[in-house]
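Structure at a glance
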Amino acid sequence: EPEVTQTPSHQVTQMGQEVILRCVPISNHLYFYWYRQILGQKVEFLVSFYNNEISEKSEIFDDQFSVERPDGSNFTLKIRSTKLEDSAMYFCASSERQGLGSPLHFGNGTRLTVT
Amino acid sequence: AQTVTQSQPEMSVQEAETVTLSCTYDTSESDYYLFWYKQPPSRQMILVIRQEAYKQQNATENRFSVNFQKAAKSFSLKISDSQLGDAAMYFCAYSPHSGNTPLVFGKGTRLSVIA
């Protein structure tokens, strides 16, 4: 069964550094998402992406975050200047459609640790 | 705004027994979808079951079934014949029928299965 893949599985970075989290969505999916899960807390929506542009973003997704689909297969989340509170699991997801109950397929996540 | 509430941070069940995880939600929409996702220690978010709000019949997927009470805005998950592999975090989630509103998750319930 096709899967969403994320790399790396664990990223450690120093405060103020830039990180790029990478995702390869399922190939026939058109909608892409990033979610974040701070340790012990619920999964929070960051951003959705369709047709090479952001379709929706949450309050968390401020100017230090950006997303890109550089080559038609990868979907990346960049954090420009990481803060301690950015430490979390970051999940990429994709779906065939938006709404209409189209389930999101999640990757295994990237654990980001900011020191 | 839609909210999803899981009032049980932790639950435990004996192997082969049945357990029910609770979820309530708040929405003004009449058409929507509800999901249960499982997050085992491997961290991947796995879709367990999906319910369409306009369908009266409760969804069933092998040992997993839901009790969907639309008027009460309740969506509980029943796991029958619990297995050790069922041990995981379980997240209840809501999605509108259409539009750009992303999947909204509850805080999760950690299920332990006792051998």
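Here the residue numbers are simple positions, counted from 1 along each chain's written sequence. All chains are assigned letters beginning at A, and all ligands numbers beginning at 1, according to the order in which they are written. With pLDDT at 70 or above as the cut-off, local features in this predicted model cover only qualifying residues; side-chain atom pairs require 80 or more to be listed or tallied, and sums for whole chains, interfaces and linings still use all residues. Heavy atoms throughout the structure, all of them, feed into the side-chain values; hydrogens and water do not.

What to know about the overall build of chain A
A tally of regular secondary structure across chain A gives zero helices and 11 strands. Helices and strands appear in chain A in the N-to-C order β-β-β-β-β-β-β-β-β-β-β. Computation of the radius of gyration draws on C-alpha atoms, with the globule rule given as 2.2 Å multiplied by the number of residues to the power 0.38. Taken over the C-alpha trace, chain A has a radius of gyration of 13 Å; the compact-globule value for 115 residues is 13 Å, and the two agree within 12%. Projected onto the principal axes, the alpha-carbon positions of chain A cover approximately 40 × 25 × 25 Å. Exposed residues in this analysis have more than 50% of their type's maximum accessible area, buried residues have under 20%, and partly exposed residues fall in between, with area computed by a 1.4 Å probe over protein chains only. Per-residue burial for chain A yields a buried fraction of 46% across its 115 residues. The criterion used for residue contact is that any of the two residues' heavy atoms lie within 4.5 Å. Considering only contacts in chain A between residues 6 or more positions apart, those separated by 24 or more positions represent 54%. Exposure was quantified through the Shrake-Rupley algorithm and a 1.4 Å probe, taking into account, for residues, occlusion by the shown protein chains and nothing else. Of the roughly 5700 Å² of accessible surface on chain A, a fraction of 45% belongs to carbon and sulfur atoms. We count Lys and Arg on the positive side and Asp and Glu on the negative side, and we leave His and both chain ends out. Every charge is mapped to an atom, namely NZ of Lys, CZ of Arg, CG of Asp or CD of Glu. The positive charge centre, built from 10 side chains, and the negative charge centre, built from 14, are 2 Å apart in chain A. Helix numbers and strand numbers start at the N terminus; a helix is a DSSP run of H or I with at least 4 residues, a strand a run of E with at least 2.

Focus on the interface of chain A and chain B
Quoted interface sizes are often the accessible area lost when the parts come together. Contacts between the two partners involve 22 residues from chain A and, on the opposite side, 22 residues from chain B. Buried area: the sum, over both parts, of the accessible surface (1.4 Å probe) that disappears when the two are put together. Summing the contributions of chain A and of chain B, the shared interface buries around 1900 Å²; its carbon and sulfur component is 53%. For this analysis, a salt bridge means a side-chain nitrogen from Lys or Arg found within 4 Å of a carboxyl oxygen belonging to Asp or Glu. Summed over the shared surface of chain A and chain B, the result is zero salt bridges. As used in this structure description, the phrase polar contact means that two N or O atoms lie within 3.5 Å; if the pair is within protein, one of them must be able to donate a hydrogen and the other to accept it, and residues adjacent in sequence are counted only when both atoms belong to side chains. In this assembly, chain A and chain B are joined by four residue pairs in polar contact (both at pLDDT 80 or more). Looking at the side of chain A that touches chain B, the elements that each hand over two or more residues are strand 4 (31-37), strand 5 (43-50), strand 6 (53-57) and strand 9 (88-95) of chain A.

Things to note about the environment of Ala88(B)
Residues and elements named next belong to chain B. The topology assignment puts Ala-88 in strand 10 (residues 88-96). The spatial distance from the C-alpha of Ala-88 to the C-alpha of Gln-39 is 5.4 Å, given a sequence separation of 49 residues. Residue contacts for Ala-88: discarding those within four places in its chain leaves Lys-38, Gln-39, Pro-40, Thr-109, Arg-110 and Leu-111.

Things to note about the confidence of the model for chain B
pLDDT is defined as a per-residue confidence score from the predictor, taking values between 0 and 100. When pLDDT is averaged along chain B, the result is 92; 96% of the residues meet or exceed 70. The element-level mean pLDDT for chain B is lowest in strand 11 (residues 104-105) of chain B, coming to 91, with strand 3 (residues 19-21) of chain B highest at 98.

Overview of the pattern of salt bridges
Residues and elements named next belong to chain B. Counted under the stated rule, the structure contains five salt bridges over all chains. A salt bridge links Arg-50 to Glu-52, with the nearest nitrogen and oxygen atoms 3.8 Å apart. The class of Arg-50 is partly exposed, set by a relative accessible area of 31%. Glu-52 gets classed as buried once you look at its relative accessible area, which sits at 14%. Because the salt bridges share partners, they merge into one network encompassing Arg-50, Glu-52 and Lys-55.

Overview of the layout of surface pockets
The computed volume of the largest pocket comes to approximately 390 Å³. Within this scheme a cavity is a closed region of a 1 Å grid, computed over the protein atoms alone, that accommodates a 1.4 Å probe without allowing it to escape, whereas a pocket is open but has protein on both sides within 12 Å along at least five of seven lines; lining residues each have an atom within 4 Å of a point. Lining the largest pocket we find 19 residues, and of these Gln37(A), Leu39(A), Arg111(A), Gln39(B) and Arg110(B) sit closest to its centre. Among the elements of the structure, strand 9 and strand 11 (110-114) of chain A together with strand 10 and strand 12 (109-114) of chain B are those that each provide at least two residues to the lining of the largest pocket. Only Asp, Glu, Lys and Arg are considered charged in this grouping, and only Ala, Val, Leu, Ile, Met, Phe, Trp, Tyr, Cys and Pro are considered nonpolar; every other residue, Gly among them, is considered polar. In terms of residue class, the lining of the largest pocket is built from 11 nonpolar, five polar and three charged. Grid points are joined across faces, edges and corners, and a volume is the space filled by probe spheres set on the points.

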